[in-house]
Amino acid sequence: MALIRDELRSIISKALKNGLSLSDDFEPEIEIPTIAQHGDYATNSAMVLAKTLKKNPREIASKILEFIEAQNPDILERVEIAGPGFINFFIRSDAFSSVLPIIYEQGKAFGKTDIGKGRYVQVEFVSANPTGPLHVGHGRGAAVGDALARILESCGYRVHREYYINDVGKQMTILGRSLYLRYLEVLGKAIDFPEDHYRGDYMKDLAQKFFKEMGEKYLNTPEEEALPICTKYAAENILEGIKKDLEDFRVSYDEWFSEESLHRGGAVEKAIEQLRNRGFIYEQDGAIWFRSSLFGDEKDRVIVRSNGAKTYFAADIAYHWNKIERGFDTIINIWGADHHGYVPRIKAVVDALGLNPERLKVILVQLVNLLRGGQPVAMSTRAGEFVTLREVMEEVGVDAARYMFLTRRSDSPLDFDLELAKAQSSENPVYYVQYAHARISSLFEVGRERGVTLDLKKAMSNLNHLKEPQEIQLMKLLGEFPFVLRKSAEYLEPHRIPYYLHDLASTFHTYYNHHRILTEDENITQARLALAGAIHTVLKIGLELIGLSAPDKM
RNA sequence: GCGCCCGUAGCUCAGCUGGACAGAGCGUCGGACUUCGAAUCCGCAGGCCGCAGGUUCGAAUCCUGCCGGGCGUACCA
């Protein structure tokens, strides 16, 4: 037993091979026409081939058609050539039910594929500086990265989730000093808190905590001695908070990678050496430059300043050298769109270090435009004006927040209105999908109370009773899931999953409102229960893929 | 100035990997619960797909130019 789409693919491929002597590497495009009159599926292969074969598309189509009919496949009702050269397939209505035994056989593994073939993929995401709590923008990156990781895993990739901690540099010094000043303030000293320091209330809270643990120990310590301690304390505490936030947002990591470890271990020098050996390093005006312009960047970049200090970019070179050394087949960086100018230079780095730059994928997640009642909310970590991810989680819930983040393409800016998210919470689309799941759970519960349970053997021999158009539609949709999942992984687009789930839930709700599942006819009941159960399974799989709960009761 | 992203229904967004009449949610208005969950369903209204050219059998989709919005453009991180 195979899915209809797979069968069609092999039928078409066979016809192309036998009829047009095409090699196997031509992948026929199979789509679902928007209009039912155009069949259940259609392929544009004849028109695509018309260009290379230099023949009339309809002529090619009729050739293909001839070889399709020669196979006499039993899933086909009929095949037609239409319009400029489409081949439309009308599937026998009793063929769609083949998806149900497959779902029951595979269970939670339904939809999984091995297109990844065990390739090792790193997904680096969030990677916010440990200078303050995560805000909503980070939440979007977290939701996208985590969903993507789950999707890739279910498509046969080996996934490594990583967070890069920028625990070095000027902002760390400022962080330490911010804590130190707030600490002195707690001890009653008058302080002058600079404009460019971290002004958020969380620093005051942290100072209180610091004071409780340390007492007045650092009151009279010289500033240069106290600062490293303050920096370390602040960074560790804030990072712990970030970890907790992400954990509560249902995001997990395999590795927390410290930038500082690169400097400490000499990796930055080694990476520069790598570039130097390859001839991409030169000195000018007392600074050390990387010839990134050779690889498509608009200009060369400084990696060691004339004062001897390494730039952030130097560490990033070392970090990506490290990634390459770890043997990832694909490196995926999920960045905020404000870093887009950085893409060419980091591509240049991997290119210069000998890795095909195609193997580095940078997903730019557009900024979250936070609104409250239609009014923009200013966001600045330093000024302490922002809405944290934790506040959003608490206000609208993890499920709703994640769904909100994931129902948009990453490269589309997102308006996130807190008032709206709260006000519409009971009509939020996320509940629509979850409701379908809960409804089916409840349905089985009612069945049990009435002594009706799904008898798989019996159900499977009664699938011929599923012939209502809505039932056909549902089975067709169920069969699409593996392909949606595959495309989602292929294009690194998690938003395809929630859209699919909404479609499936919607079709089910319609069906549910028009037909009874627990009927007087035992055979029909069994068949319909099998259908409902399969939908239940796919909804659950899909919800988990994007990190949402699949409740049995709401 | 240059570069990247975005512009689709009143609002928020899919469709952008060329396919056949442009979709969904919210919102408006009107209907459906003594029967498996009404957080649901059914129906009405709503569009020069930013504008103008081009490529193609075929363009919301690709190319060029323009207009609007966002972001970036450091020997900052």
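Per-chain numbering applies: the sequence of each chain, read as written, is numbered from 1 onward. As they are written, the chains are lettered A onward and the ligands numbered 1 onward, keeping that order. With pLDDT at 70 or above as the cut-off, local features in this predicted model cover only qualifying residues; side-chain atom pairs require 80 or more to be listed or tallied, and sums for whole chains, interfaces and linings still use all residues. Hydrogens are left out, water is left out, and the side-chain values use all remaining heavy atoms of the structure.

Only DSSP runs of H or I with at least four residues qualify as helices, and only runs of E with at least two residues qualify as strands; both kinds are numbered from the N terminus onward. Along chain A, the regular secondary structure elements total 20 helices and 15 strands. For chain A, the spread of C-alpha atoms along the principal axes amounts to about 90 × 60 × 40 Å. Using a 1.4 Å probe on the protein chains alone, a residue whose accessible area is under 20% of its type maximum counts as buried, one over 50% counts as exposed, and one in between counts as partly exposed. Expressed as a percentage of its 554 residues, the buried residues of chain A come to 53%. In short, Shrake-Rupley with a 1.4 Å probe defines the accessible areas, and a residue's cover is counted only from the protein chains shown. Looking at chain A as shown, the accessible area adds up to about 25,500 Å², and 48% of this sits on carbon and sulfur atoms.

Glancing now at the side chain of Glu124. Looking at where Glu124 falls in the secondary structure, it is placed in strand β5 (residues 120-124). The exposure class of Glu124 is buried, given its relative accessible area of 5%. Pairs of N or O atoms are called polar contacts if they sit within 3.5 Å, as long as, within protein, a hydrogen donor faces a hydrogen acceptor (for residues adjacent in sequence, only side-chain-to-side-chain pairs). Within the local environment of Glu124, its side chain forms a polar contact with the side chain of Lys323, the two groups lying 2.8 Å apart. Should any heavy atoms of two residues lie within 4.5 Å, those residues are counted as being in contact. Sequence-distant contacts of Glu124, that is, excluding residues within four places in its chain, are made with Glu162, Tyr164, Tyr319, Lys323, Ile332, Asn333 and Ile334.

Relative to the helices and strands, Thr43 resides in strand β2 (residues 41-43). By relative accessible area, Thr43 is classed as buried at 1%. Every residue in contact with Thr43, bar those within four places of it in the chain, is listed here: Ile12, Pro28, Glu29, Gly85, Phe86, Ile87 and Phe89.

Our focus in this paragraph is the packing of aromatic side chains. Geometry of aromatic contacts follows a simple scheme: Phe, Tyr and Trp rings, the Trp one being its six-membered ring, pair when their centres are within 6.5 Å, and the pair is stacked under 30 degrees between planes, edge-to-face over 60, tilted otherwise. Scanning the model with the defined rule gives 23 aromatic pairs in all. Relative to Phe313, the ring of Phe290 lies with its centre 6.3 Å away and its plane at 40 degrees, an arrangement referred to as tilted. In this pair, Phe290 sits in strand β9 (residues 287-290) while Phe313 sits in helix α11 (residues 312-325), placing the two residues 23 residues apart along the sequence. For the pair Phe290 and Phe313, a shared accessibility class is recorded, and that class is buried. In textbook terms, an aromatic cluster arises when at least three aromatic residues are bridged by ring pairs, as seen for Phe280, Phe290, Phe295, Tyr312, Phe313, Trp335 and Tyr342. Cation over ring: Arg345 sits above Phe313, and NZ or CZ is 6.0 Å from the ring centre. Distance and angle both matter: a charge sits over a ring if NZ of Lys or CZ of Arg is within 6 Å of the ring centre and within 35 degrees of the ring normal. Note that Arg402 overlies the ring of Phe249, its terminal NZ or CZ placed 5.5 Å from the centroid.

All we've got here are geometric facts, nothing functional implied.
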